[in-house]
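# Observations on chain architecture
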Amino acid sequence: MPQLKELPSVTFNDGSGGVLAFKRDQLAFLSHGLERHGDIFRFRPLGIPMVLVNHPDHIRHILVDKGDKYDKNATLFKIVRPVLRKGLIANADMELWRRQRRMMAPHFTPKAVSAFARNMTDETARSLEHWRSAYGDGRTMDVTDEVGALALRIVNRSLFSADVNETALAFERAFATANTVLGAFFRFPFPPLSVPTPSHRRLRRAIDEMDAFVSGFVKKRVAEDVPVGDETDLLTLLLHTVDEVDGHGMDLEQLHHEVLNICIGAYETTTNTLSWVFYLLARHPEVEKRLHEEVDRVLGGRTPAFEDLRDLTYTRMIVDETLRVYSPAYQFMRHATEDDEIDGYRVPAGSNVLINSYFLHRHPDFWDEPERFRPERFGPQESAGRPKHAYLPFGGGHRVCIGKHFALTELTLVLATVASGHRLVLPEGAPEVVPEALITLHPKGGVHLRLERR
Ligand code: HEM
């Protein structure tokens, strides 16, 4: 290798080497590093070697060109592994991951996902009915709570054919606890999770609750021995899936982990996106007006179907732009399995490479007026020439989100269904909602809006 440069390092004169600054405000800490050093730098919270990369070329190098040299044995995934275990999201055993992904991928193609479109619009109609009766008098609605319940009903109806209205609340609370405890632990990973502090005990209880939620459905379905048919849900499909290479299915423990990963992967991300969509629309009447024109023209008041997606182009651009501004899975990480070079810098084996799409999606070289909410930037003309790895709401390379088509279908259909007859407006004097950097990027305090009929 030629002589390589050492990565610039973020230092703080607060006596903690940056740990306290990272703990206090992770986004401010990284923003400071980017301002000082540009697109690549290192830092060492509590001695953990981290490298932030923020250029599409560097990211393509890590996720695609050298994707097999960067695995998921990174700190972030070690932190979330007690929850996600052997499921796809945090799995670092490449052989097991490849087998699982091979078996599961056919159930998440756009065509496979089209079978769940009715679940998405039916459940949205049901939410609207509830919203009208509970908030039709002008009372403010906790949008984050409400779209969270909706997202969970959609994924659970698609997974289990189940109506989870009642039990969903326990899962939502358990997930919120895990997100908060692990988010804090990521910013300051001490003491270890095995130490039974009050918050680590809360995490244990939250994991048990999420497990109980999933295993109730899995055990019942195994006992029922339901065959695959026309109206089959994801659980039955996964239960009957056989690997094309070894001819076997997945064992029940693995199935449990995958189902939990799907619930978690699908729930919080879509909840956050829908909360931000409605918040951003309430703040941008000019965007909302174009949205209403489109849904009126395409749908004329009827419920959208999967086939309408190709005509709901502006609706989809609103979703894309929301995922740029407030990318819910805003950070992911890889572990360098061997020494590498990026842009002339030495990246030592063992480094945790952090990709943070909050900053990537605001990179001034690729995004004009990055702080502005402007869906038009996702039109064909403006998108042309933008590097693929400048926009990563669903990650990239072989670990790209398996639920990407499910999510985009759901987000676009929910938005079109709501916008057809309703608006969510800002109550007078409502404060600005800011993002909170937990394991996911959450609207701090939730989004609160008023429901109006159009
Ligand atoms: C707006 C919605 C969503 C966003 C922003 C999102 C984001 C992401 C991202 C960034 C990754 C890659 C992480 C990495 O490379 O380290 C990922 C992976 C994953 N997501 Fe999603 N996701 C969303 C919805 C969903 C849905 C609806 C499902 C399931 C139905 C899902 C299931 C998964 C799974 C299982 C993985 C792991 C894939 C693998 O490694 O093979 N996600 N997601």
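Residues numbered from 1 in each chain as written. Predicted model: local features only at pLDDT ≥ 70, side-chain atom pairs only at ≥ 80, totals over all residues. Heavy atoms only, no water.

## So, the coordination of the iron atom of the ligand
A lone protein donor binds the iron atom of the ligand: Cys401 (SG), at 2.3 Å. In this structure, Cys401 sits in the loop between helix H16 (380-383) and helix H17 (404-421). (Donors = N, O, S within 2.8 Å, 3.2 Å for Na, K, Ca; no water. Helix = DSSP H or I, 4+ residues; strand = E, 2+ residues; numbered from the N terminus.)

## Section: the site of the ligand
Near the ligand you find 27 residues, and of these Trp97, Arg101, Arg334, Arg399 and Cys401 are the closest. One of the side-chain N or O atoms of Lys72 is found 3.0 Å from an oxygen atom in the ligand. Trp97 places a side-chain nitrogen or oxygen 2.7 Å from an oxygen atom of the ligand. Mapped by element, the contributors of at least two residues to the shell around the ligand are helix H5 (94-104), helix H12 (252-283), strand E5 (331-336) and H17. Here the element with the most residues in the shell around the ligand is H12; it accounts for 5 residues. The residue inventory of the shell around the ligand, partitioned by class, reads 18 nonpolar, 5 polar and 4 charged. (Near = heavy atom within 4 Å. Polar contact = N/O pair within 3.5 Å; in protein donor to acceptor, adjacent residues only side chain to side chain. Nonpolar A, V, L, I, M, F, W, Y, C, P; charged D, E, K, R; others polar.)

## Details of empty space enclosed by the protein
In this structure the tally under the stated criterion is 2 cavities of 30 Å³ or more. Around the second largest cavity, the lining residues are Phe278, Leu281, Glu288, Leu291, His292, Leu415, Val418, Ala419, His422, Arg423 and Leu424. Listing elements by their share of the lining of the second largest cavity, those giving two or more residues are H12, helix H13 (285-299), H17 and strand E9 (422-425). Of the residues in the lining of the second largest cavity, the class split is 7 nonpolar, 2 polar and 2 charged. (1 Å grid on protein atoms, 1.4 Å probe; cavity = no way out; pocket = protein on both sides within 12 Å on 5 of 7 lines; lining within 4 Å. Points joined across faces, edges and corners; volume = space filled by probe spheres on them.)

## A word on the sheet that holds E9
Two orientations exist for strands paired in a sheet by backbone hydrogen bonds: parallel and antiparallel. If you walk across this open sheet you meet the 3 strands as E4-E12-E9, and the pairing is antiparallel. Looking at strand neighbours, the two that pair on one side only are strand E4 (140-142) and E9, the edges of this open sheet. Across this sheet, the average inter-strand angle for adjacent strands is 45°, counted without regard to direction. Contacts from helix H8 (residues 143-160) reach E4 and strand E12 (448-453), with the element oriented near 50° to E4. (Pairing = 2+ DSSP bridges. Axes fitted to C-alpha atoms, helices over the stretch in contact; angles between N-to-C directions. Contact = heavy atoms within 4.5 Å.)

## Here's the deal with the environment of Arg44
As for its placement among the helices and strands, Arg44 is situated in the loop between strand E1 (40-43) and strand E2 (50-53). Side-chain polar atoms of Arg44 contact the backbone oxygen of Gly47, separated by 3.2 Å.

## Here's the deal with the pattern of salt bridges
Working definition: two side chains of opposite charge can pair if their charged atoms are close together. Going through the model one piece at a time under the given rule, you end up with 32 salt bridges. Notably, a salt bridge pairs Arg454 with Asp296, separated by 2.7 Å at the nearest N-O pair. Residue Arg454 is found in the segment after E12, and its partner Asp296 is found in helix H13; the two are separated by 158 residues along the sequence. Residues joined in a network through salt bridges with shared partners are Arg118, Asp122, Glu123, Arg126, Arg153 and Arg157. (Salt bridge = Lys/Arg side-chain N within 4 Å of Asp/Glu carboxyl O.)

## Examining the layout of surface pockets
Sizing a probe to match a water molecule and rolling it over the atoms shows the empty space that remains. Space inside the largest pocket adds up to approximately 560 Å³. What lines the largest pocket is a set of 26 residues, and nearest its centre among them are Thr144, Asp145, Ala149, Glu172 and Tyr267. When contributions to the lining of the largest pocket are tallied by element, the ones reaching two or more residues are helix H7 (117-135), H8, helix H9 (165-187) and H12. Top contributing element to the lining of the largest pocket by residue count: H9, with 9 residues. Looking at the lining of the largest pocket residue by residue, the classes come out as 7 nonpolar, 10 polar and 9 charged.

## What to know about the nonpolar core
Counting 139 residues, the largest nonpolar core has Leu30, Phe43, Phe171, Met210, Phe278 and Ile318 as the members making the most contacts within it. The element that contributes the greatest number of residues to this core is H12, accounting for 15 residues. Excluding residues that lie within four positions of it along the chain, Phe278 makes contacts with Val143, Val147, Leu415, Val418, Leu424 and Leu449. (Core = buried A, V, L, I, M, F, W, Y, C linked by side-chain atoms within 4.5 Å. Buried < 20%, exposed > 50% of the residue type's maximum accessible area, 1.4 Å probe, protein only.)

## Regarding the packing of aromatic side chains
Summed over the entire model, instances satisfying the criterion amount to 15 aromatic pairs. With 4.0 Å between their ring centres and 5° between their planes, Phe160 and Phe217 make a pair best called stacked. Here Phe217 lies in helix H10 (residues 198-224) and Phe160 lies in helix H8, a separation of 57 residues in the sequence. Judged by relative accessible area, Phe160 falls into the buried class, the value being 4%. Ring centres 5.6 Å apart and planes at 90° place the aromatic pair Phe175 and Tyr267 in the edge-to-face group. With Phe175 in helix H9 and Tyr267 in helix H12, the pair connects residues that are 92 residues apart, well separated along the chain. Taking relative accessible area as the criterion, Phe175 reaches 8% and is therefore assigned buried. The exposure class assigned to Tyr267 is buried, which follows from its relative accessible area of 6%. An aromatic cluster is built from Phe160, Phe171, Phe175, Phe213, Phe217 and Tyr267, whose rings are joined through pairwise contacts. When the ring centre of Tyr345 is taken as reference, the NZ or CZ atom of Lys5 above it lies at 4.3 Å. A cation sits over an aromatic face here: Arg362 above Tyr358, 3.8 Å from the ring centre. (Phe/Tyr/Trp six-rings, centres within 6.5 Å; stacked < 30°, edge-to-face > 60°. Lys NZ or Arg CZ within 6 Å of the ring centre and 35° of its normal.)

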